[in-house]
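Examining the three-dimensional arrangement
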Amino acid sequence: MNILILGGGGREHALAWAVKQNPKCDRLIVAPGNAGIAALAECADLDILDGAAVVSFCEENAVDFVIVGPEAPLAAGVADATRAAGLLTFGPGAAAARLEASKAFTKEICDACGAPTAGYARFTDAAAARAYVQAQGAPLVIKADGLAAGKGVIMGMTEAEALAGIDEIFGGAFGAAGAEVVIEEFMAGEEASFFVLCDGVNALPIGTAQDHKRVGDGDTGPNTGGMGAYSPAPVLTEAIQQQAMEEIVLPTIAEMARRGTPYQGVLYAGLMIENGRARLVEYNCRFGDPETQVLMLRLGAQALDLLLACAEGRLDRARVNWAEDHALTVVMAAKGYPGAYQKGTVIHGLGRLPEDSRHMCFHAGTAGKDGQIVANGGRVLNITARGDTLADARNRAYAMIDHLHWPEGFCRSDIGWRAL
Ligand code: AMP
Ligand code: GLY
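Attention here is on the structure that accompanies the text. Predicted model only: the values in this text are computed from it and were never measured. (Residues numbered from 1 in each chain as written. Chains lettered and ligands numbered in written order. Predicted model: local features only at pLDDT ≥ 70, side-chain atom pairs only at ≥ 80, totals over all residues. Heavy atoms only, no water.)

Looking at ligand 1, there are 15 residues lining it, with E184, E185, M187, E191 and E282 nearest. At a separation of 2.8 Å, a nitrogen atom of ligand 1 approaches a polar backbone atom of M187. K213 has a polar side-chain atom sitting 3.3 Å from an oxygen atom of ligand 1. For ligand 1, whose unbound accessible area comes to 470 Å², protein coverage reaches 88%. Every element with two or more residues in the shell around ligand 1 is listed here: β7 (140-144), β8 (153-156), β9 (181-185) and β16 (277-284). (Near = heavy atom within 4 Å. Polar contact = N/O pair within 3.5 Å; in protein donor to acceptor, adjacent residues only side chain to side chain. Areas by Shrake-Rupley, 256 points an atom, 1.4 Å probe, with all protein chains shown as cover. Helix = DSSP H or I, 4+ residues; strand = E, 2+ residues; numbered from the N terminus.)

Once that is clear, we can look at the site of ligand 2. As a structural note, the neighbourhood of ligand 2 is formed by D211, G225, Y268, R286, G288, D289, P290 and E291. Within the side chain of E291, a nitrogen or oxygen atom sits 2.9 Å from a nitrogen atom of ligand 2. In isolation ligand 2 exposes 200 Å². Once the protein is present, 87% of that is buried. Residue composition of the shell around ligand 2, by class: two nonpolar, two polar and four charged. (Nonpolar A, V, L, I, M, F, W, Y, C, P; charged D, E, K, R; others polar.)

With that settled, the discussion passes to helix α1 (residues 10-20). Counting buried residues in α1 gives 10 out of 11 residues, a clear majority hidden from the surface. Considered for burial, the residues of α1 that qualify are G10, R11, E12, H13, A14, L15, A16, W17, A18 and V19. (Buried < 20%, exposed > 50% of the residue type's maximum accessible area, 1.4 Å probe, protein only.)

Direction vectors running N to C along α1 and helix α10 (residues 291-299) enclose 10°, while the axes themselves pass 8 Å from each other. Taken together, the axis directions place α1 and α10 in an arrangement best described as roughly parallel. Every residue of α10 that contacts α1 at G10, R11, A14, L15, W17 and A18 is listed here: T292, Q293, M296 and L297. Grouping the constituent residues of the contact of α1 with α10 by class yields six nonpolar, three polar and one charged. (Axes fitted to C-alpha atoms, helices over the stretch in contact; angles between N-to-C directions. Parallel < 35°, antiparallel > 145°, perpendicular 65-115°, else oblique. Contact = heavy atoms within 4.5 Å.)

Taken in spatial order, the four strands make up an open sheet running β6-β9-β7-β8, and their pairing is antiparallel. Among the strands making up the open sheet, the edge pair consists of β6 (120-123) and β8. Here the strands of the sheet are splayed against their neighbours by 20° on average, with no regard to which way each runs. Looking at chain direction, β7 and β8 are connected through four bridges and run antiparallel. Residue pairing across strands places I142 opposite I154, the latter belonging to β8. (Pairing = 2+ DSSP bridges.)

What follows is the structure, given as structure tokens:
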């Protein structure tokens with residue numbers, strides 16, 4: 001079959017790598033792709049936020065299956081457009097993608113189905129929000145309702161920080177995404193990610209992971225999109241996964257179906273685990289980045305069969321073949337990230353990296369220039385390895401980094417520390 005993947009980061013490189021190994025895949029196109037993806041698939045220049053453009057591209061290229069990577073096209077209704085055109089599609093429509101695109105909507109769903117999550121209140125008015133903070137006292141978590149590229153959450157560990165967060169969001173720092181503010185109870189505990197495929201009715205867990213959001217070693221410094229990840233997440237035991245399915249994921253998909261907006265795609269549940277129980281922090285309507293890189297290295301070619309079963313509504317008959325393995329990815333970023341950084345610096349040594357079922361360098365933000373690979377973003381490479389133990393996976397990943405020569409780049413030296 002001919003397959004189109006929308007997106008151009010490390011997540012899409014990992015999806016493309018897994019899909020490409022499955023003999024069902026004849027032709028693979030990724031839009032827009034990147035320099036790493038170009039080594040295994042055709043890259044196409046296409047406005048992935050424009051549903052009509054994606055549908056015509058699929059018709060012109062006889063695409064049989066569309067996999068949507070990032071949240072922006074999902075929130076913009078691209079999966080609605082492709083499904084309406086009769087194309088087999090992986091990813092929720094805009095109404096179901098609100099589970100990521102609106103934090104207030106997710107809270108409403110949790111209330112309706114009884115899923116455990118932080119207590120909250122919502123506001124469209126700064127004075128009322130400030131009064132609530134003064135009445136409750138810190139710590140509180142202040143969130144812009146809409147999509148804010150991962151930046152719309154402010155931890156109010158003191159009352160002053162919480163009030164400043166309210167002023168920032170209502171002051172327009174996140175544009176329309178900040179028209180409404182959700183204020184949440186602060187949840188203590190350990191965070192982990194749970195990935196569940198949903199076909200509208202059935203749900204199939206496909207793995208757990210943990211990422212490192214802070215830029216510096218020891219989980220210090222500013223927040224980033226993720227500096228590394230590993231799978232599985234030891235804190236998400238079988239028992240807690242089962243509790244999260246029964247109390248959070250299954251009630252959510254039942255509530256979405258009841259409302260006439262069934263959820264089809266991957267439901268990425270961010271969970272807070274405390275005293276052996278999970279509570280929902282947030283939902284994402286897409287795969288995590290860089291969590292997908294470790295999930296795909298573990299799943300390999302069967303990932304395509306699972307995504308197809310999801311899109312075709314037959315997850316009740318699908319199953320995951322697990323190996324007792326571990327995967328870990330280290331993000332290499334351009335110096336300065338998550339602040340200002342340089343683009344266009346040359347990365348040397350990529351050709352020396354092993355590429356096999358245990359080692360893969362996924363490209364997150366690269367471009368080809370005069371026969372060389374240059375950095376083209378903040379997060380640039382995802383050095384990913386698989387081993388029999390987490391320590392083995394970690395050692396393999398860091399050994400790969402030793403082959404690289406990229407003075408303008410950096411990475412954390414302690415990915416996986418919490419689980420090791
Ligand atoms: P979100 O975009 O909602 O996932 O928030 C980003 C990060 O903020 C999460 O990954 C958590 O680390 C943290 N966070 C969000 N909500 C809460 C909460 N209610 N209690 C504690 N930490 C939170
Ligand atoms: N790594 C966090 C995310 O994809 O949202």
